[in-house]
Amino acid sequence: LEQLEPSVQAFLTRTADMALRQADEADARYAAARRDPQAVVPPLLGLPIAVKDLLALEGVRCTCGSKILENFVPPYTATTVRRLLQAGVVVVGKTNTDEFAMGSSTENSAYQLTHNPWDLERVPGGSSGGSAAAVAARMVLAAMGTDTGGSVRQPASFCGVTGIKPTYGRVSRYGLVAYGSSLDTVGVLARSAEDTALVFQHMAGQDDLDATSMDLPVPEYRLEGGDLRGLRVGVPKQYFIQGIQPAVEEAVRAAIRQLELLGAEVREVSLPHTEYALPVYYLLAPAEASANLARYDGVRFSPRPEAENLWDVFFNTRGQGFGPEVKRRIMLGTYALSAGYYDAYYAKAQKVRTLIKRDFETAFEQVDVIAAPIAPTTAFRIGEHTDDPLAMYLEDVFTLPANLAGVPGLAFPVGFDPQGLPVGMQLMGAHFDEATLFRTAHCYQ
Ligand code: GLN
C-alpha cells in the first residue's frame with residue numbers, strides 16, 4: 001500500500017493506526033486460539049480490507065467523496081462493516097468514490113482521481129473505483145463497495161477483479177449513506193468468486209436496523225470445483241447492441257462458450273424492456289437522490305458557511321458543498337418529482353420499472369442465470385467522458401436493469417482487449433440466488 005498508493009490514489013482516508021491495532025488484536029487472538037483448542041478463530045481474522053467511503057465506520061471520517069461531508073465523523077458503524085470487523089478483518093482505509101456514488105469513473109470525487117492499476121492514464125470505473133483499484137493493485141484482499149446502478153460491477157470489470165452486487169434486501173443498508181434508497185446495495189470486490197463469497201458470507205443477512213433487509217437465512221457458500229451440468233444459462237439478445245466494443249463482445253461470448261464446455265446449457269432469452277432501463281434509472285435514481293440529499297442543509301452535517309440568515313445557510317452550504325454532477329442530479333430529480341410532472345415522469349418510470357422486473361421473472365422461469373456484458377467498453381481514459389454526461393450514463397446500460405429489478409449480479413474477469421485492458425462479464429440471478437452466481441463463476445475460474 002505504501003508503495004503503490006502514491007500512483008493509484010485509491011484511498012481518501014488511511015487508518016494505519018487503527019489497522020495496526022486491529023492486527024495486533026488479531027495476532028493475540030490467534031495466539032490464544034493456538035493455546036486453547038476450544039477457542040473459535042474468527043473466520044476472516046487478520047484479513048486486510050478497504051471500505052468505500054460511503055459506509056460509516058465509527059470515529060473515521062466519512063466524506064462520500066463530497067466537500068459537504070469533509071469533516072463528518074460518524075458516531076456509529078454500518079452493519080455490514082461491523083459484521084466484518086466481528087469476523088476479524090483489519091480495515092486499512094476508506095476508498096475513493098464518485099461524490100455520493102454518482103458516476104461511473106470516480107472522476108466525480110471532490111478530492112482526487114483514482115488511477116486504474118492496469119493503465120494509470122485510465123479510470124478505474126466507478127463509483128466504487130477506489131475499492132476496485134485497491135483490490136486490483138493487491139493493496140487489500142477484499143474491499144467493500146456499493147452498487148446502485150453498477151458501481152460494484154463496472155469498476156470490477158474495468159480493474160479485472162470479481163465483485164458481487166447482492167439482491168436488494170439481502171444485505172443491510174444501515175450505515176450506508178443513501179443515494180437511491182430503493183436501488184442501493186452493499187457489495188464486495190475481491191480477486192476471485194471464492195474470496196468474494198467468503199467475505200460476503202459474513203456481511204449478508206437480516207438486520208433489525210434496516211427494515212428492507214429480508215429475514216432469510218444466508219446459505220453457506222461452499223464453493224467446490226466440478227462442472228456446470230444441469231445449469232441453464234440465458235443470453236439476453238438485447239445486451240449485444242450496437243456500440244459495444246468488439247473485444248468486449250468477443251470476450252463475453254468466449255466466456256459463455258466456456259460455460260457451455262463446463263456442461264451448462266446455453267440458450268437465448270429476451271428481456272424486452274432493457275432499452276428503457278437507462279431512462280427509467282436516470283429518473284428514479286435522481287428523484288430519490290434529491291430527497292435523500294435534502295438533509296445536507298448546513299444545520300446538521302456540514303461545516304456552516306458565513307451567512308446572514310437561514311436561507312443563506314442553505315444556499316451557501318449546498319452551493320459550495322455539492323459538485324456539478326450532484327447538482328445536476330438534484331435538479332433532474334426535483335423536476336421529475338414536481339407537481340404537474342410527477343405523473344408524466346416519476347410515476348411512469350415506476351410503471352416501466354415493474355415491466356423490467358417482470359422481464360427478469362419471466363426469464364428466470366426458463367434459465368438459472370443470465371450471462372451478459374457489464375459495460376460496452378473497457379476502461380476509458382481519464383477525462384474522456386467528463387464533458388459529456390450522457391456518454392457517461394451510457395456506460396451503465398447493462399448494469400442498471402439488475403438494480404431496477406432488485407436481482408443479484410456478479411462481475412468477474414473473462415479476458416482482455418487488444419490494449420491489454422481487462423474485460424468482465426456479469427451473471428445475473430433470481431432474487432436471493434447469489435449462490436448460483438458464485439458457483440458458476442467459481443467453476444469458470
Ligand atoms: N453510474 C451510475 C450512476 O451514476 C451508478 C452509480 C452507482 O451504482 N452508485 O448513478
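From a predicted model like this one, the values you see are computed outputs, not experimental measurements.

Criteria and cut-off values
- Residues numbered from 1 in each chain as written.
- Predicted model: local features only at pLDDT ≥ 70, side-chain atom pairs only at ≥ 80, totals over all residues.
- Helix = DSSP H or I, 4+ residues; strand = E, 2+ residues; numbered from the N terminus.
- Rg over C-alpha atoms; globule rule 2.2 N^0.38 Å.
- Buried ≥ 20, exposed ≤ 12 C-beta atoms within 10 Å, placed from the backbone.
- Contact = placed C-beta atoms within 7 Å.
- Pairing = 2+ DSSP bridges.
- Expected span 1.5 Å × (residues − 1).
- pLDDT = per-residue confidence, 0-100.
- Axes fitted to C-alpha atoms, helices over the stretch in contact; angles between N-to-C directions.
- Parallel < 35°, antiparallel > 145°, perpendicular 65-115°, else oblique.
- Nonpolar A, V, L, I, M, F, W, Y, C, P; charged D, E, K, R; others polar.
- UniProt positions renumbered as here; feature names shortened; annotations may be inferred.
- Bend = angle between axes of the 7 residues up to and from the residue.

1. Here's the deal with the overall build of the protein
Then, in step 1: Scanning the protein from N- to C-terminus turns up 14 helices and eleven strands.
Then, in step 2: Its C-alpha atoms give the protein a radius of gyration of 21 Å, within 12% of the compact-globule value 22 Å for 445 residues.
Then, in step 3: By its C-alpha atoms, the protein is 70 × 65 × 45 Å across when sized along the principal axes.
Then, in step 4: Scored against the burial criterion, the 445 residues of the protein give a buried share of 54%.
Then, in step 5: Here the contacts in the protein between residues at least 6 apart in sequence split such that 75% fall between residues at least 24 apart.

2. Comments concerning unusual backbone geometry
Then, in step 1: Following Gly-126, the chain continues into Ser-127 via a peptide bond in cis, with omega recorded as 10 degrees.
Then, in step 2: For Ser-127, the position within the fold is in the loop between β3 (90-95) and α4 (129-136).
Then, in step 3: Residues other than glycine seldom take positive phi values, yet Gln-9 does so here, at roughly 60 degrees.
Then, in step 4: Position of Gln-9 among the secondary structure elements: in the loop between α1 (5-8) and β1 (11-14).
Then, in step 5: Positive phi is not limited to glycine here, since Arg-138 has a value of about 65 degrees.
Then, in step 6: Relative to the elements of secondary structure, Arg-138 occurs in the loop between α4 and β4 (142-146).
Then, in step 7: Exposure remark for Arg-138: the 11 C-beta atoms within 10 Å place this residue in the exposed category.

3. Some details on the pairing of strand β5 (residues 162-165)
Then, in step 1: Burial along β5 is two-sided: the residues Thr-162 and Ile-164 and Gly-163 and Lys-165 are all buried.
Then, in step 2: In the sheet, β5 pairs with strand β6 (residues 186-190) via three bridges, with the strands oriented antiparallel. Along β6, the bridge assignment pairs Gly-163 with Leu-189.

4. As for the environment of Pro-303
Then, in step 1: The topology assignment puts Pro-303 in the loop between α8 (277-292) and α9 (310-321).
Then, in step 2: Sequence separation of Pro-303 and Asn-71 is 232 residues, and the distance between their C-alpha atoms is 7.3 Å.
Then, in step 3: Setting aside residues up to four positions removed in sequence, Pro-303 forms contacts with Glu-70 and Asn-71.

5. Comments concerning helix α2 (residues 16-35)
Then, in step 1: Between its terminal C-alpha atoms α2 stretches 29 Å, which fits the 28 Å expected from 20 residues at 1.5 Å a residue.
Then, in step 2: Burial analysis of α2 places just one of its 20 residues in the buried class, which makes it a mostly uncovered element.

6. What about the confidence of the model for the protein?
As a general rule, the predicted coordinates of low-pLDDT regions are not to be interpreted in detail.
Then, in step 1: Per-residue pLDDT for the protein averages 96, and the proportion of residues at 70 or more is 100%.
Then, in step 2: Among the scores for the predicted complex, ipTM is 0.97 and pTM is 0.97.

7. Here's the deal with the sheet that holds strand β8 (residues 265-269)
Then, in step 1: Judged by pairing direction, the sheet is mixed, and its eleven strands sit side by side in the order β1-β3-β2-β4-β6-β5-β10-β11-β9-β7-β8 without closing on themselves. Edge strands, defined here as strands with exactly one partner in the open sheet, are β1 and β8. Each strand axis lies, on average, 30 degrees off the axis of its neighbour in the sheet, ignoring direction.
Then, in step 2: Two strands pair when backbone bridges link them, and β4 and β6 are joined in this way by five bridges, in the antiparallel orientation.

8. What about the pairing of β6?
Then, in step 1: Burial analysis of β6 places five of its five residues in the buried class, the great majority of the element.
Then, in step 2: Side chains Val-186, Val-188 and Ala-190 project from β6 onto one buried face, and the interleaved Gly-187 and Leu-189 project onto a second face that is buried too.

9. Observations regarding the packing of α8 against helix α10 (residues 324-337)
Packed helix pairs are characterised by how far apart their axes lie and by the angle those axes make with each other.
Then, in step 1: Contact geometry of α8 with α10 gives a least axis separation of 7 Å together with a crossing angle of 95 degrees. Overall, the two elements α8 and α10 adopt an arrangement that is roughly perpendicular. Of the residues in α10, those touching α8 at Leu-283, Pro-286, Ala-287, Ala-289 and Ser-290 are Arg-329, Ile-330, Leu-332, Gly-333, Thr-334, Ala-336 and Leu-337.
Then, in step 2: Looking at the contact of α8 with α10, its residues break down into eight nonpolar, three polar and one charged.

10. Considering the UniProt feature "active site" (unreviewed entry) in the protein
Then, in step 1: Feature annotation in UniProt places "active site" (unreviewed entry) on Lys-52, Ser-127 and Ser-151, given in this structure's numbering. Spanning 100 residues, the named residues nonetheless gather at one spot, since no C-alpha pair among them exceeds 10.9 Å.
Then, in step 2: Relative to the elements of secondary structure, Lys-52 occurs in strand β2 (residues 48-52).
Then, in step 3: If we skip the residues at most four places from it in the chain, Lys-52 touches Thr-95, Thr-97, Ser-128, Gly-130, Ser-131, Met-144, Gly-145 and Thr-146.
Then, in step 4: When near neighbours in sequence (up to four residues on either side) are disregarded, Ser-127 contacts Thr-97, Asp-98, Ala-101, Met-102, Gly-103, Thr-106 and Ser-151.

11. What about helix α11 (residues 342-366)?
Then, in step 1: A rise of 1.5 Å per residue sets the reference length of α11, with its 25 residues, at 36 Å; its end C-alpha atoms lie 36 Å apart and thus fit the reference within 8%.
Then, in step 2: Of all bends in α11, the biggest is about 25 degrees, found at Lys-348.
Then, in step 3: Looking only at α11, the buried set comprises Ala-349, Arg-353, Ile-356, Asp-359, Phe-360, Ala-363 and Phe-364.
Then, in step 4: Considering only its buried residues, α11 is in contact with β7 (232-236), β8, α8, β9 (369-373) and α13 (400-405).

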